[in-house]
Amino acid sequence: MDCWNQKIETMGRKDIERMQLSSLKELVTRLYDSSPHYHSRMREAGVLPGDIRTLEDIVRLPSMNKIDLRDNYPDKLFTAPPEDVIRYHVSSGTTGKPTVVGYTRNDIENWSESLARSFASFGLGRQDVIQVSNGYGLFSGGLGMHYGVEKLGAAVVPASTGGTKKQIDLIKDLRVTAIACTPSYLVHMIEVAEGMGLDFRNDTRMRAAILGAEPWSENMRRHIEDRMGIKAQNCYGASELSGPLFTECHEQDGIHIWGDLCLIEVVDPETGEHVGDGERGELVFTMLKREALPIIRYRIGDLSEITWEKCNCGRTHPRLQRLTGRVDDMIIIRGINVFPSQVEHVLGEIDEVTQQYMIIVESRGVMDNMSVQVELDPKAFTDDILALRGISSKVARALQEVLNVKVDVQLMEPGSLPRFEGKSKRVIDKRVMM
Ligand SMILES: [Zn+2]
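Residues numbered from 1 in each chain as written. Predicted model: local features only at pLDDT ≥ 70, side-chain atom pairs only at ≥ 80, totals over all residues. Heavy atoms only, no water.

Any chance you could explain the coordination of the zinc ion here in plain terms?
By definition of the ideal shapes, a tetrahedral metal site with four donors has angles of 109.5 degrees and an octahedral site with six donors has angles of 90 or 180 degrees. The zinc ion binds to the protein through Cys-249 (SG), His-256 (NE2), Cys-311 (SG) and Cys-313 (SG); the donor distances cover 2.1 to 2.3 Å. If you list the donors of the zinc ion from N- to C-terminus, the spacing comes out as C-x6-H-x54-C-x1-C. (Donors = N, O, S within 2.8 Å, 3.2 Å for Na, K, Ca; no water.)

Quick look at the structure:
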C-alpha cells in the first residue's frame, strides 16, 4: 500500500474518533480560555468546555459561517500570538469585505501533511515532477499545492496560471508527471496542445491531474482521462479550511477526509440537525489542529454526503462523495429540494440539447410550477414539430426522474438564452414569498 502515514491512515474508526474527541476537548478549552469571541459565543450557547464529553456533544457548540469571518475582518478571530503567524492568504469575497486566513508554522505543516498523504494515495511520490498551475499569491491554491508537493518530496514546477503554450512546453521539457489546476483550465490546455500538434498520451510523461476549486462532472473526468491518458483526481478544500486539502485515492471512490486533522458533520441545511449516516446535507467542518484562525463547526454551504465504510484502498477515514450543489442555490418546489446542478447534469446526458438553460419557478394557483428553458443543440435544430415535441418530452421525463418534480420544458433556439461572464444566474423565481 502506498501510504504516506500508514499508522494514521489505516487506524480503526474508534481510534480515529478517540483522537478527534481529545483534540476537540483541547481546542474548545483553548478557545474558551484565550478568545473573548469564542468565550462569549459559548456562554451565549450555554456550553462550557467540560460539557464536551463525547463527539456527539459537538452539536452543543455554536456554528460559524463566512459572515463571522467577514464581520471580524481582518484578524479579530485569530487566536495565535501575532509573532507566531507566518503567512496570510486572502480570498476575494464576491460581495463586501474579503476574508483573511492566517497560518502558524504548525498550520502550514498540517496543511502540507494532509496534501502529501492525499498525493501518495494515488501513487505520486519522490520520483514525480508536479506542475502547480493553480494561482500563486493571495489565493491559497497555488502555494498550498506547492508546499504539499515539497512535503511529498517530489519536484515542483510553480507555473501558476496563464501562458498556456509555455506551460505545455514545460510539461514536455521537464518531464512533468502530474498537474494541479482547475478542471476547466485543463480542458483548455488539451485544446491548445492539440493545436500545437502535441499528444499528451505519447509526447509527455503525464499520468495524473489534481483538479478542484470549481464543480466538475464525471463526464468531464472521462473526457480528460481519455484525451490525456491520465488519472484525473478530484480535490476538495476551501480557503477558510486552509486551501486545497483532500483528494481521492487511486480508487476514485470519494475524497478521504483525514479525521485526525478535520472533523466533518453533515446537517440538514434548514434545521441544522445531523442527518443519518450516508444521507445528503450541508457539510460542517471543524479543523481540529488549526492555531492561527480556529475553524469550529464551520457551515461551508456545500452539499454532499460522507461514508465511514472502509475504502478498497485500505484507508479507514471518512470519505466525501461528490458535491451536489450549494445551499445558496437550492430551490424548494412543492417541498422538494431542487438544485440547478441536477438540472445541468440531466441536460448534459441528452444529445439533442445543450447545457444552456434557465429555470423559471412561478405560482400557478396554490401550486408551484417549474419550467426549464433549454437551447437545442444546433445539430438537432429543426422545424419538424413532431420531432421537437419528442425531444421536449424526452427532456421532461429525464428531469422528472431525477428531480421528482414535474417540469415543463421549453426548447429554445441555439444562442437565444443569456450568457454569463461571471457567476451565472440560472434561476428566475417569480413566486410571491410570504
Ligand atoms: Zn481509498
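From this point, the narrative continues.
Please explain the environment of Ser-63 as it appears in this structure.
Here Ser-63 is to be found in the loop between helix 3 (36–44) and helix 4 (66–71). Ser-63 gets classed as partly exposed once you look at its relative accessible area, which sits at 28%. Sequence spacing of Ser-63 and Val-156 is 93 residues, and the spatial spacing of their C-alpha atoms is 37 Å. Once residues lying within four places of it in the same chain are set aside, the contact partners of Ser-63 are Arg-41, Asp-68, Arg-297 and Arg-299. (Helix = DSSP H or I, 4+ residues; strand = E, 2+ residues; numbered from the N terminus. Buried < 20%, exposed > 50% of the residue type's maximum accessible area, 1.4 Å probe, protein only. Contact = heavy atoms within 4.5 Å.)

Please explain the layout of surface pockets as it appears in this structure.
If you add up the space inside the second largest pocket, you get close to 500 Å³. What lines the second largest pocket is a set of 21 residues, among which Arg-13, Glu-17, Ile-264, His-274 and Trp-308 lie closest to the centre. Mapped by element, the contributors of at least two residues to the lining of the second largest pocket are helix 2 (13–34) and strand 10 (262–267). Residue contributions to the lining of the second largest pocket peak at five residues, all from helix 2. (1 Å grid on protein atoms, 1.4 Å probe; cavity = no way out; pocket = protein on both sides within 12 Å on 5 of 7 lines; lining within 4 Å. Points joined across faces, edges and corners; volume = space filled by probe spheres on them.)

What is the right way to look at the domain arrangement of the protein chain in this model?
Split by domain assignment, the protein chain resolves into domain 1 (86–326) and domain 2 (330–429). Just the C-alpha atoms count here: the centres of domain 1 and domain 2 sit 31 Å apart. At the interface, seven residues of domain 1 touch six residues of domain 2. Carbon and sulfur atoms supply 48% of the area that domain 1 and domain 2 bury against each other, a total of about 560 Å² over both sides. Counting the surface domain 1 buries against domain 2, the share from its top three residues, Asn-219, Glu-270 and Arg-280, is 48%. The tally of links from domain 1 across to domain 2 stands at zero salt bridges. At the boundary of domain 1 and domain 2, one finds one residue pair in polar contact (both at pLDDT 80 or more). Tallied by class, the residues present in the side of domain 1 that touches domain 2 amount to one nonpolar, three polar and three charged. (Domains from an automatic or database assignment. Buried area = accessible area lost by both parts, 1.4 Å probe. Salt bridge = Lys/Arg side-chain N within 4 Å of Asp/Glu carboxyl O. Polar contact = N/O pair within 3.5 Å; in protein donor to acceptor, adjacent residues only side chain to side chain. Nonpolar A, V, L, I, M, F, W, Y, C, P; charged D, E, K, R; others polar.)

What exactly am I supposed to notice about helix 10 (residues 218–228) here?
Given 3.6 residues per helical turn, the α-helix brings residues three or four places apart onto the same face. Those residues of helix 10 that sit buried are Arg-221, Ile-224, Glu-225 and Met-228. Angularly, the buried residues of helix 10 cover 95° about the axis, an arc narrow enough to put them on a single face. On its buried face, helix 10 sits against helix 8 (183–195), helix 9 (200–203), strand 6 (208–211) and strand 7 (231–238). Gly-229 lies just past helix 10 and shows a positive phi near 65°. (Arc of directions from axis to C-beta.)

What should I look at first to understand the sheet that holds strand 12 (residues 298–304) in this one?
Taken in spatial order, the four strands of this open sheet run 10-11-12-15, and their pairing is antiparallel. The strands lining the two open edges of the sheet, one partner per strand, are strand 10 and strand 15 (325–326). Relative to strand 12, strand 11 (residues 281–287) is paired through four bridges, and the arrangement is antiparallel. Within strand 12, the position partnered with Val-284 by the bridge is Arg-299. (Pairing = 2+ DSSP bridges.)

Before we go on, may I ask you to explain helix 12 (residues 385–403) in this structure?
Relative to the 27 Å expected for 19 residues at 1.5 Å per residue, helix 12 spans 27 Å between its end C-alpha atoms, a close match to the ideal helical length. Within helix 12 the residues assigned to the buried category are Ile-391, Ser-392, Val-395, Ala-396, Leu-399 and Leu-403. Projected down its long axis, helix 12 carries its buried residues within an arc of 130°, all on one side. Within helix 12, the exposed residues directed more than 90 degrees away from the buried face are Leu-386, Arg-389, Arg-397 and Glu-401. Contact partners of the buried residues in helix 12: strand 17 (336–338), helix 11 (340–348), strand 18 (353–364), strand 19 (367–376) and strand 20 (407–412). A distance of 3.0 Å separates the backbone nitrogen of Leu-386 from a side-chain oxygen at the start of helix 12, and that oxygen is part of Asp-384. Where helix 12 ends, the next residue or the one after it, Asn-404, has phi of about 60°, a positive value. (Expected span 1.5 Å × (residues − 1).)

Please clarify how the sheet that holds strand 5 (residues 178–181) should be interpreted in this entry.
Strand pairing in a sheet relies on backbone hydrogen bonds, with the paired strands running either antiparallel or parallel. Reading across the sheet, the six strands line up as 4-3-5-6-7-8 and stay open at both edges, with mixed pairing between neighbours. Bordering the open sheet on either side are strand 4 (155–157) and strand 8 (243–247), each of which pairs with just one other strand. Across this sheet, the average inter-strand angle for adjacent strands is 25°, counted without regard to direction. As paired elements, strand 3 (residues 129–132) and strand 5 share three bridges and run parallel to each other. Counted as the bridge partner of Gln-131 is Ile-179 from strand 5. Along the sheet, helix 5 (residues 105–121) contacts strand 6 and strand 8; its crossing angle with strand 8, the most-contacted strand, is approximately 35°. Helix 10 rests against strand 6 and strand 7 of the sheet, and its axis sits at about 135° to strand 7. (Axes fitted to C-alpha atoms, helices over the stretch in contact; angles between N-to-C directions.)

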